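# Examination of the molecular architecture
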Amino acid sequence: MGKVNKERLSPDAALLNKYLLHYGVLMEQKQYLVERGKQLQEDFYNPLTGIRYTDMSKTRSRLSEGSAGLPMHLVDIENRIDERLEEAEKILAQIWSIIELLPDGRMERAILEHRYIDRMSWEKICSVENLSKTPVMQYWRQGMNELAEKSLVKMILEECKKENHDNLVDKYKRIM
């Protein structure tokens, strides 16, 4: 099993974690926009329905907009999805280049790929790698701390610090 890190993440590794989480955040945004687009398309193809009643109580449940303003909303949603996908592709390429700094075949690399590229939960990673959560977390910390020491990653982290990258994940979540 080799030397496994039981320490906390270094400050740079913690910043790297936030940076690597951006792909998942963008993919969540994309999914949210896709669902919104589906709802708008449903509204578009069920135009001008007027007042809908539920049960026998004759209370208003929802008044559909119909098809009047929906084409513009659909185009806007499609544009936003395309923007998120473009940004996600760039970030995914950067994430790959960072994770590939760890040698192929190491458990640390496998766990980082599962977490940041496949966007697996910790429970799923444990199941796939047939490990309990403690060693998975130890390998993850070891990989993150090791990557944070690489010169390429240090350059990326310096850029993050300049751009106040700490707040980007929160910014993306507020957009949703």
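So, here is what we can say about the structure in this document. Keep in mind that what you see is a predicted model, and the values were worked out from it rather than measured.

Under the definition given, this model contains nine salt bridges. For Asp-12, the salt bridge is made with Lys-161, and the minimal N-O distance between the two is 3.1 Å. With Asp-12 in helix α1 (residues 11-20) and Lys-161 in helix α7 (residues 151-162), this pair connects stretches of sequence that are 149 residues apart. Connected through shared salt-bridge partners, Asp-12, Glu-158 and Lys-161 make up one network.

All right, on to the packing of helix α4 (residues 107-117) against helix α6 (residues 133-148) then. Viewed as axis vectors pointing N to C, α4 and α6 meet at an angle of 95°, and their least axial separation amounts to 8 Å. It follows from the interaxial angle that α4 and α6 lie roughly perpendicular. Along the contact surface, α4 presents Met-107, Glu-108, Ile-111, Leu-112 and Tyr-116, while α6 presents Val-136, Tyr-139, Trp-140, Gln-142, Gly-143, Met-144 and Leu-147. Of the residues contributing to the contact of α4 with α6, the split by class is nine nonpolar, two polar and one charged.

Look at Arg-119: it is not a glycine, yet its phi comes out positive at around 60°. Structurally, Arg-119 is set in the loop between α4 and α5 (122-129). The backbone of Asn-130 sits at a positive phi, close to 55°, despite the residue not being glycine.

Quick notes on the rules
Residues numbered from 1 in each chain as written. Predicted model: local features only at pLDDT ≥ 70, side-chain atom pairs only at ≥ 80, totals over all residues. Heavy atoms only, no water. Salt bridge = Lys/Arg side-chain N within 4 Å of Asp/Glu carboxyl O. Helix = DSSP H or I, 4+ residues; strand = E, 2+ residues; numbered from the N terminus. Axes fitted to C-alpha atoms, helices over the stretch in contact; angles between N-to-C directions. Parallel < 35°, antiparallel > 145°, perpendicular 65-115°, else oblique. Contact = heavy atoms within 4.5 Å. Nonpolar A, V, L, I, M, F, W, Y, C, P; charged D, E, K, R; others polar.

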